[in-house]
Amino acid sequence: MDINAFFKVSYGLYLISTKAGDKLGGYVANTAFQVTAKPPRFAISCNRDNLTSEMIRESGIFAFSVLREDASPEIIGNFGYKSSREIDKFEKVNYITAQSGAPIVTDSSVAWFDCKVVETHEIGTHILFIGEVLDYDVIDAEANPMTYAYYHEVRKGLSPKNAPTYIEEEKLEEAGEEEPKEEASGKNETWTCQMCNYNYDPETGDPITGIPPGTAFEDLPDDWVCPLCGATKDMFEKD
């Protein structure tokens, strides 16, 4: 069996959000999909351990923003790799309040949908929430929505451990997802972000932020951040 088959299934990338009481919650997901047309309904899959999952259960509402290809690493980092139990994820983003009361993040987004939960299904480690659409709109008709293939192949992103599409790093290595590590120094050394596991390879540079191929990690600008999650250089370790 080839584990790469899982990367051939098409997904988008979305920012799921909700509100319970005075608390706002949200996370980045690649599992938001339409299940009916009349009435329009969407399903999302949320890890039962996520705070956002608890909040959706309590409030019965959720919204989601469709992220764009050039979504900021800070957005993905805060909502994809941090917990609302520890930080206010909405402190530094622009958002509007939906008809349901859920917050809708407008930064780095092309469109949004506001939903009320009509069905809930327990599925192993995850909960499937099915929501009927209350409202929706387009933010930027010219921007390209980010696909999971683009996130994985171009931005070199991997799913967090709580994602339904998470694959253990050991299995990825066995399948050839990562090239054998070079033992040479200098421009052949690779560095890994300790927050999101993004791997900086000097041979390819960082096309997302304009770092040309052949740029050693030590030569990156001091203000360079992980193009995937926004972590600073001191969050990287040599492989």
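- In the annotation of an unreviewed UniProt entry, the entry for the chain reads Flavin reductase (DIM6/NTAB) family NADH-FMN oxidoreductase RutF, and the organism field reads Prolixibacter denitrificans.
- Checking UniProt for the chain, the heading Cofactor (unreviewed entry) contains the comment "Fe(3+)".
- Under the heading Sequence similarities (unreviewed entry), UniProt records this for the chain: "Belongs to the rubredoxin family."

## Examining the overall build of the chain
Item 1. The secondary structure content of the chain amounts to four helices and twelve strands.
Item 2. Buried residues in the chain amount to 46% of all 239 residues.
Item 3. A sequence separation of at least 24 residues applies to 62% of the contacts in the chain between residues at least 6 apart.

## What about unusual backbone geometry?
As a rule of thumb, non-glycine residues mostly have phi less than zero, and peptide bonds are mostly trans rather than cis.
Item 1. With an omega dihedral of -5°, the bond running from Lys38 to Pro39 counts as a cis peptide bond.
Item 2. Of note, Pro39 is situated in the loop between β3 (32-37) and β4 (40-47).

## Remarks on the environment of Ala63
Item 1. Relative to the helices and strands, Ala63 resides in strand β5 (residues 61-67).
Item 2. Exposure remark for Ala63: the relative accessible area of 1% places this residue in the buried category.

## What about the packing of aromatic side chains?
Item 1. Following the criterion strictly, the structure yields 16 aromatic pairs and no others.
Item 2. Look at Phe217 and Trp224: their rings are 6.2 Å apart centre to centre, the planes differ by 85°, and that puts the pair in the edge-to-face class.
Item 3. On the accessibility criterion, Trp224 (5% relative accessible area) is buried.
Item 4. For the pair Phe217 and Phe236, a centre-to-centre distance of 5.5 Å together with 40° between the ring planes defines the contact as tilted. Of this pair, Phe217 sits in the loop between β11 (199-200) and β12 (236-238) while Phe236 sits in strand β12, placing them 19 residues apart in sequence. Across this residue pair, the class does not change: Phe217 and Phe236 are buried.
Item 5. Site record: aromatic cluster; members linked through ring pairs are Trp191, Tyr198, Tyr200, Phe217, Trp224 and Phe236.
Item 6. Above the plane of the ring of Phe217 lies Lys233, whose end atom (NZ or CZ) is 5.2 Å from the centre.

Rules used in this analysis
- Residues numbered from 1 in each chain as written.
- Predicted model: local features only at pLDDT ≥ 70, side-chain atom pairs only at ≥ 80, totals over all residues.
- Heavy atoms only, no water.
- UniProt positions renumbered as here; feature names shortened; annotations may be inferred.
- Helix = DSSP H or I, 4+ residues; strand = E, 2+ residues; numbered from the N terminus.
- Buried < 20%, exposed > 50% of the residue type's maximum accessible area, 1.4 Å probe, protein only.
- Contact = heavy atoms within 4.5 Å.
- Phe/Tyr/Trp six-rings, centres within 6.5 Å; stacked < 30°, edge-to-face > 60°.
- Lys NZ or Arg CZ within 6 Å of the ring centre and 35° of its normal.

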